[in-house]
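Listed here are the chains, written in short residue letters.
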Amino acid sequence: EDGTLNYLAIPAVEIGLRLFAPQALLHDPDAFIPDQQLGARLAPGFTDRVVTTEFTSTWVINEKGYRGAVADKPRTAPMRIVALGDSFTFGYGVEETQSWPRLLQQSLNAGRGGDERVEVVNLGVGGYGTWQESIWLERNWEELRPDLVILGFYVGNDPEDNARTVESGGAGGAAGKPAPPPRGERARRWLGSRLHLYSLVSTRADDLLVRLGMRRLVYPFELEQLATTETRTTRRAWEATGVSLRRLAAFCRRNGARLVVALIPMKHQVSDAVWARLLRYYPADVGTFDRFRSQRIARTLLAKEGIVTVDLLEGLAESAARTGQDGRAFYWPRDQHFNAAGHMQTARLLAEYLMTRPASLSE
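Keep in mind that this is a model prediction, so the values were computed, not measured.

Draft legend 1. Spotlight on a nonpolar patch on the surface. The grouping of Ile 15, Leu 19 and Phe 20 at the surface amounts to a nonpolar patch, some 400 Å² of accessible area in total. Within the secondary structure layout, Phe 20 lies in helix α1 (residues 2-20). Residue class for Phe 20 comes out exposed when judged on its relative accessible area of 73%.

This is the structure we're talking about:
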């Protein structure tokens, strides 16, 4: 009898939550379709609402397969910029109007006349590495023919993504397919998108596990690459990144487009509080990490290829300090992506860089 009551209690609690305290159910729709060369790409015409426990945003993918309005053809703006990158460029977690490519366009056009107007096209795709982004640019080149290409390079996982794609056939012209999520992750997504009780319990349990040190705060590679002793995985990831950057730079040079790479930092690189908290969960390893190692490696690779680099790390940290905030104010509390404030600051920093170097917006 007690067992029966226990079984009845669960659906009763679920019904009660739905009626009186509905939880934020996960809804991260599959917006991708298979692509032999890229592995996957955004589905043209896809529209849906993405909901997590932290944010809600709308995804509208145009008929050309990227976010935002389809670029004018023939172009109406004298200057066209293409923004490449992964979910940080796409604007995961924010509306399209809040993403840094759209805000950059607004900033550059402030006070400009029609004969000086700038158009920014957002080719960012979540989960892509630099190799895939280069292929995506090549595929859209005839349609867009940009004057300037800005690559948003997320130092957290872009090197790992490059290792996956290049080593699985990217060097021969085909990127590997993204691996499907593990079975346990698929089950969690299924439950989290349907059951209010599961959403309530899992969110609080996740926070508790973090506090107890039983759940790591970041993906393994995001910390592994900062270790002072380089691992084989890290070395291969950066080697693949070098191959990917060379391809992108060579393509831009051949087609007369200028290339700028914006290095997007990890949350624990911008936030002293998050960095200190992170180290507490790795007590045996304290002292063996170089917090800004990934930026130095990236800048070395980019300098070798003669690629202009904008490191956003210092600018974001200064922006936070200037307002009396910690750097985590630019990221979602649990998710590693920029929130609206992070996108706004990124657009501001890039606009300041471009506008103080007139050659970047001319020629």
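Draft legend 2. Broad picture of the pattern of salt bridges. The tally for this structure, following the rule as stated, stands at 18 salt bridges. A salt bridge links Asp 35 to Arg 139, with the nearest nitrogen and oxygen atoms 2.6 Å apart. Here Asp 35 is found in strand β1 (residues 32-35), whereas its partner Arg 139 is found in helix α4 (residues 130-144), with 104 residues between them in sequence. According to the relative accessible area criterion, Asp 35 is buried, its value standing at 9%. Residues Arg 246 and Glu 305 are paired through a salt bridge, measuring 3.7 Å at the closest nitrogen-oxygen approach. Linking Arg 246 in helix α9 (residues 232-254) with Glu 305 in the loop between α12 (293-304) and β9 (308-311), this pair joins segments that are 59 residues apart in sequence. Exposure remark for Arg 246: the relative accessible area of 37% places this residue in the partly exposed category. A single network of salt bridges, built from pairs that share partners, joins Asp 35, Arg 41 and Arg 139.

Draft legend 3. Structural detail: the packing of aromatic side chains. Tallying each qualifying case throughout the model produces nine aromatic pairs. Look at Tyr 331 and Phe 338: their rings are 5.1 Å apart centre to centre, the planes differ by 45°, and that puts the pair in the tilted class. Phe 338 matches Tyr 331 in its accessibility class, with the two residues each being buried. A connected cluster of aromatic rings, assembled from ring pairs, spans Phe 55, Trp 59, Phe 90, Tyr 92 and Trp 332. In this structure, Arg 247 packs its charged tip against the face of Trp 131, placed 4.6 Å from the ring centre.

Rules used throughout
Residues numbered from 1 in each chain as written. Predicted model: local features only at pLDDT ≥ 70, side-chain atom pairs only at ≥ 80, totals over all residues. Heavy atoms only, no water. Patch = residues over 30% accessible without salt bridge, like charges linked within 9 Å, V, L, I, M, F, W, Y side chains within 5 Å. Areas by Shrake-Rupley, 256 points an atom, 1.4 Å probe, with all protein chains shown as cover. Salt bridge = Lys/Arg side-chain N within 4 Å of Asp/Glu carboxyl O. Helix = DSSP H or I, 4+ residues; strand = E, 2+ residues; numbered from the N terminus. Buried < 20%, exposed > 50% of the residue type's maximum accessible area, 1.4 Å probe, protein only. Phe/Tyr/Trp six-rings, centres within 6.5 Å; stacked < 30°, edge-to-face > 60°. Lys NZ or Arg CZ within 6 Å of the ring centre and 35° of its normal.

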